[in-house]
Amino acid sequence: MAANNNPTVTGRRLGAELRRLRKDSGMTGTQVAAELLISQAKVSHMETGRRAVSRRDVRDLCMLYGVTDQHLVDHLTALAGESSRQGWWHSYGDIPHSVHLDLEAAAASIRAYESMVIPGLLQTPAYAAAVIEETIPLVTVDQAAARLKVQLRRQHRIYDPARRLHLRVVLDESALWRVVGSREIMREQLEHLHALGTEPHITVEVLPHSAGAHPGLTGQFSLLEFSDTREAVVYLERFTSGLCLTKTSDVQQYSVTHARLRALALAPEQSRHFITDAIKRYAS
């Protein structure tokens, strides 16, 4: 999936353009809402990408803002069409965290911290299946199968040579010792993690228990960055949904937090040795 065909990211790009045009016209959100007989909340949501923008919305807004450049109007109309498309994961049914999948599919790089399990992008099929089956009490066999297919397809990004995802993960030591599925599954998973850590576009750094208290104790997070925009997004995953943070202050806070966690973690080479020792313990 090309980045410019990603619904969530495209919607944010379109919203940013509409916000710029409104400000250039000298109008406030309240004035726009009054002129178009819509709520001020709709104007705000369209400009932040939290609400789909129709082609008609683009036409009405461009007329109101006095946009005479037909190429710009056509470009914004095309973005509106792209932002309404569904991602590949929708064919698998009602999959939680679809916003995260949307963002992840378009990201150029991800900085993440995980405290409890191996991150989804780095999981083996057996480990991923065990996580799904053992952490979702009400999941059916069909739902588990669909989620596993989505989980494994997500990983295509880290193997795509045309648009390879750069991934930097700080992984708490706890995730290495929590036996998910079985000891054999864990050994296979850690061998896979060790191998991926040698790839030039993937960095895995283990945060040992000896580091003591640290900013990651509040939970896992992902910081996603995109090649076609300066705006980054923080994603916080919850049990059935997730939260996206886009405020500059929030992004900066999590960026500093990730840097702090990296400073406390073992260096990549030391982390690979640490993982090797864990593999030996599972093999014994």
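As shown above, the structure is provided for reference.
The notes below deal with the structure included here. (Residues numbered from 1 in each chain as written. Predicted model: local features only at pLDDT ≥ 70, side-chain atom pairs only at ≥ 80, totals over all residues. Heavy atoms only, no water.)

1. Here we look at the pairing of strand β5 (residues 233-237)
For step 1, the next point in the chain: Counting buried positions along β5 yields four of five residues, so the element is predominantly enclosed.
For step 2, the next point in the chain: Pairing between strand β4 (residues 221-225) and β5: three bridges, direction antiparallel. Note that in β5 the partner of L223 across the bridge is V234.
For step 3, the next point in the chain: With four bridges connecting them, β5 and strand β6 (residues 242-245) associate as antiparallel partners. Opposite E237, over in β6, you have G242 as the bridge partner. (Buried < 20%, exposed > 50% of the residue type's maximum accessible area, 1.4 Å probe, protein only. Helix = DSSP H or I, 4+ residues; strand = E, 2+ residues; numbered from the N terminus. Pairing = 2+ DSSP bridges.)

2. Some remarks on the packing of aromatic side chains
For step 1, the next point in the chain: Under the criterion given, the structure shown has three aromatic pairs.
For step 2, the next point in the chain: Aromatic pair Y113 and F221: ring centres 6.2 Å apart, planes at 35°, arrangement tilted. Linking Y113 in strand β1 (residues 109-114) with F221 in strand β4, this pair joins segments that are 108 residues apart in sequence. When sorted by exposure, Y113 lands in the same class as F221, which is buried.
For step 3, the next point in the chain: Joined through ring pairs, the aromatic side chains of Y113, F221 and Y254 make up one cluster.
For step 4, the next point in the chain: Taking the ring centre of W177 as reference, the NZ or CZ of R281 above it sits at 4.3 Å. (Phe/Tyr/Trp six-rings, centres within 6.5 Å; stacked < 30°, edge-to-face > 60°. Lys NZ or Arg CZ within 6 Å of the ring centre and 35° of its normal.)

3. Examining the pattern of salt bridges
For step 1, the next point in the chain: Under the counting rule described, the total for this entry stands at twelve salt bridges.
For step 2, the next point in the chain: When the shortest N-O distance is used, the salt bridge between D60 and R56 registers 3.9 Å. Residue D60 and its partner R56 are both found in helix α4 (residues 55-65); the two are separated by four residues, about one turn of the helix.
For step 3, the next point in the chain: Residue D60 is classed as partly exposed on the basis of its relative accessible area, which comes to 22%.
For step 4, the next point in the chain: Connected through shared salt-bridge partners, E17, R20 and D24 make up one network. (Salt bridge = Lys/Arg side-chain N within 4 Å of Asp/Glu carboxyl O.)

4. Quick notes on the nonpolar core
For step 1, the next point in the chain: With 35 residues, the main nonpolar core has I110, I118, L122, L176, L190, L193 and I275 as its most contacted residues.
For step 2, the next point in the chain: The greatest single-element share of this core, amounting to five residues, is contributed by helix α10 (residues 183-196).
For step 3, the next point in the chain: When sequence neighbours within four positions are dropped, the list of residues in contact with I118 reads Q123, Y127, L171, A175, L176, Q189, L190 and L193.
For step 4, the next point in the chain: Counting residues in hydrophobic clusters, the runner-up holds 19 residues, among them V43, L61, L76 and L79. (Core = buried A, V, L, I, M, F, W, Y, C linked by side-chain atoms within 4.5 Å. Contact = heavy atoms within 4.5 Å.)

5. Quick word on the pairing of strand β2 (residues 166-172)
For step 1, the next point in the chain: Of all seven residues in β2, five are buried, a share of seventy percent or more.
For step 2, the next point in the chain: As judged from the six bridges shared by β1 and β2, these two strands associate in the parallel manner. Of the residues in β2, the one forming a bridge with E114 is L171.

6. Some thoughts on the side chain of E173
For step 1, the next point in the chain: Among the structural elements, E173 can be located in the loop between β2 and α9 (174-177).
For step 2, the next point in the chain: Salt bridges are absent for the buried E173, whose nearest opposite-charge side chain, R281, sits at 6.3 Å.
For step 3, the next point in the chain: Engagement of the side chain of E173 in a polar contact is seen with the backbone nitrogen of H209, the distance being 2.8 Å.
For step 4, the next point in the chain: Sequence-distant contacts of E173, defined by excluding residues within four places in its chain, comprise V206, L207, P208, H209 and F274. (Lys, Arg positive; Asp, Glu negative; His and termini not counted. Polar contact = N/O pair within 3.5 Å; in protein donor to acceptor, adjacent residues only side chain to side chain.)

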